Amino acid sequence: MNDIVTIVTPSYNQGQFIEETINSVLSQEGDFFIQYIIADGGSTDNSVEIIKKYEKLLKEEKYPVRCKGIEYIWWSRKDRGQSHAINQGFKIAKGDILAWINSDDYYEPGAFDFVLKKFKENPEVDFIYGDVYIVDQNKKRKELSRSKQGGFDSFFAEKYTIHQPSTFYTKRIIEKVGLLDENLHYFMDRDLWFRILKITKSLYFQKPLSNFRIWENSKTSPYQEKRVLHEKKTLLNNFYLIDNDVKAYSYESMIEDLEYLIRKCKEMLQEYPYIHALYLRHLGTMKLLSGYRKESLTYFELSIKIYPSIRNILTFLSSLLGRRFYWYLLCLKRKIRNLLTKTWI
């Protein structure tokens, strides 16, 4: 593992916050190099002016560098969204440790040194994450939000949270699972975590590594709820729709986690019958493939009662033909969907 940490910051018109983000990266102290890539999407505010300011300071050696060296790369051009911007940065990454931080968030001092040491102490680990401070627009710390150690099933069932600004990855795992899904704009981080957690170890440390800002125009504000729910539905379909890759997982464990998810989100699901029916349909699928035919039919019937769509009715009718036939239809549907490069929901 080399001593280079590559950080990518996607940004668009975040002039009011980006300077704090840049400083939090460049001011990291330790025995390592920093490759910092700012992928600006063609900002029309003062963002580019701020980005150029730090380029000049570094070139003229007027910035107090506290690590072994900094490579500062930036561009300002139209992109296809945040995921695309991050991917463009990852494609030119030199570091064996990768991360991205949005231009309204910022790192805690000492974060890089801590993470790099933990990766070197645990060479088999490809994914490290920590805690985060939740801050508001005026940088008033509201609360310390902790995560916990967990795996794929428990994370999918939302038994614990991973905080994106406090996540770090090895370059080898990104090369193995692939870059961010550029069709996702809110849950591209979770999609990546699911792919990583399915195949490798992760390590959680009870230490705040970053600051996560929630404000009126942030992507995680309540105003984006509809889009977020749509992408959450897509993830559920992608990772709980059974195909050959999921055979290695315990259906019993997945059933337990999905039942937990439905109970936990009961009130929210009542407001979104389509999503509620989707969850029930997937739970019915797990039950059927685990041999619980009677219970599966109950869940399929409930999904029709809550949201009587053609999809839910066809799923119920298919399940009446038995487990083996149902499995065949699922695999066939996945193959057709992959050919058409779109999701049937």
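Just so we're clear, the structure is a prediction, and the values are computed from it rather than from any experiment. Position numbers for residues count from 1 along each chain, tracking the sequence in the order it is written. Local features in this predicted model are restricted to residues of pLDDT 70 or higher, and side-chain atom pairs are both shown and tallied only at a pLDDT of 80 or more, whereas totals for entire chains, interfaces and linings draw on every residue. Side-chain metrics in this entry use all non-hydrogen atoms of the structure; hydrogen atoms and water are not considered.

Q: For the overall build of the protein, give the residues involved together with the corresponding values.
A: In terms of regular secondary structure, the protein is built from 14 helices and nine strands. Values of accessible area rely on a 1.4 Å probe in the Shrake-Rupley scheme; residue burial ignores everything except the protein chains shown. Surface exposure of the protein reaches about 16500 Å², of which carbon and sulfur atoms provide 51%. Numbering of helices and strands starts at the N terminus; helices are DSSP runs of H or I of at least 4 residues and strands are runs of E of at least 2.

Q: Residues and numbers for the nonpolar core, please.
A: The criterion is simple. A nonpolar core is a set of buried Ala, Val, Leu, Ile, Met, Phe, Trp, Tyr and Cys residues joined through side-chain atoms within 4.5 Å. Categorising residues by exposure relies on relative accessible area from a 1.4 Å probe, with only protein chains included: less than 20% of the type maximum marks a residue as buried, more than 50% marks it as exposed, and the intermediate range marks it as partly exposed. Ranked by size, the top nonpolar core spans 32 residues in total, and within it I7, I22, Y36, Y72, Y107, F112 and F168 carry the most contacts. Tallying contributions element by element places helix α4 (residues 111-121) first for this core, with six residues. We call two residues contacting when some pair of their heavy atoms lies within 4.5 Å. When residues no more than four places from it in sequence are discounted, the contact partners of F168 are I7, I97, L98, A99, Y107, F112, V115, F119, D126, F127, I128 and L209. By size, the runner-up hydrophobic cluster in this structure holds 28 residues, among which are I37, I162, V177 and L184.

Q: Outline the pairing of strand β3 (residues 69-76), supporting the account with residue identities and numerical values.
A: Relative to β3, strand β2 (residues 33-40) runs parallel, the two being bridged by eight bridges. Paired with I38 across the two strands is W74, which belongs to β3. Seen with its strands pointing away from the viewer, a crossover is right-handed when the path leading from the first strand over the helix to the second is clockwise. Note on the crossover from β2 through helix α2 (residues 47-59) to β3: the handedness is right-handed. For two strands to be treated as a pair, DSSP must find no fewer than two bridges joining them.

Q: Which residues make up helix α3 (residues 82-91), and what are the values?
A: Along an α-helix, a turn takes 3.6 residues, which lines up residues three or four apart on a common side. A large share of α3 lies buried, amounting to eight of its ten residues. Turning to α3, its buried residues number three or more, namely Q82, S83, H84, A85, I86, N87, G89 and F90. In the core, the buried residues of α3 are packed alongside β1 (4-11), β2, β3, β4 (97-100), α6 (171-177) and α7 (188-197).

Q: If you had to explain a nonpolar patch on the surface to someone new, which residues and values would you point to?
A: Nonpolar side chains collect at one region of the surface, where I310, I313, L314, L317 and L320 lie side by side and expose about 450 Å² of accessible area between them. Along the chain, I310 falls in helix α13 (residues 310-319). Within this analysis, patches are made of residues with over 30% relative accessible area and no salt bridge. Like charges are joined at 9 Å or less; nonpolar side chains (Val, Leu, Ile, Met, Phe, Trp, Tyr) at 5 Å or less. Salt bridge, as used here, is a side-chain nitrogen of Lys or Arg placed within 4 Å of a carboxyl oxygen of Asp or Glu.

Q: Let's hear about the pattern of salt bridges: which residues, and what values?
A: The final tally for this structure, using the stated rule, is 16 salt bridges. Notably, a salt bridge pairs E20 with R213, separated by 2.9 Å at the nearest N-O pair. In this pair, E20 sits in helix α1 (residues 18-26) while R213 sits in strand β9 (residues 202-213), placing the two residues 193 residues apart along the sequence. In this structure E20 comes out as partly exposed when scored by relative accessible area, which is 23%. Exposure remark for R213: the relative accessible area of 2% places this residue in the buried category. With a shortest N-O distance of 2.4 Å, D126 and R172 are connected by a salt bridge.

Q: Any details on the packing of aromatic side chains? Residues and values, ideally.
A: Working definition: an aromatic ring pair is given by the centre-to-centre distance plus the angle between the planes. In this analysis, rings of Phe, Tyr and Trp, with Trp reduced to its six-membered ring, are considered paired at centre separations within 6.5 Å, and the interplanar angle assigns stacked below 30 degrees, edge-to-face beyond 60, and tilted for intermediate values. A complete count under the given rule lists twelve aromatic pairs for this structure. Ring geometry for F90 versus W100: centroids 6.3 Å apart, planes at 65°, classification edge-to-face. Of this pair, F90 sits in helix α3 while W100 sits in strand β4, placing them ten residues apart in sequence. Note on F90: relative accessible area 6%, which makes it buried.

Q: Run through the side chain of N102, naming residues and quoting values.
A: Inspection of the secondary structure puts N102 in the loop between β4 and β5 (106-107). A polar contact of 2.4 Å, which involves the side chain of N102, links it to the side chain of Q82. Every residue in contact with N102, bar those within four places of it in the chain, is listed here: T9, P10, T21, Q82 and Q164. Pairs of N or O atoms within 3.5 Å make up the polar contacts considered here, provided that, within protein, one atom can donate a hydrogen while the other can accept it, and that residues adjacent in sequence are counted only when both atoms are side-chain atoms.

Q: If you had to explain the side chain of S11 to someone new, which residues and values would you point to?
A: Along the chain, S11 turns up in strand β1. On the basis of relative accessibility, which here comes to 6%, the residue S11 falls in the buried class. In this view, S11 contacts I18, A39, D40, G41, S43 and S103; residues no more than four positions away in its chain are not counted.

Q: Go over the pairing of β1 with me, naming the residues and quoting the values.
A: For a regular strand, side chains alternate in direction, first toward one face of the sheet and then toward the other. Most of β1 is tucked away, with seven of its eight residues classed as buried. Across eight bridges, the pairing between β1 and β2 is parallel. Residue I4 lies in a different strand from β2, and its bridge partner there is F33. As paired elements, β1 and β4 share four bridges and run parallel to each other. Of the residues in β4, the one forming a bridge with T6 is L98.

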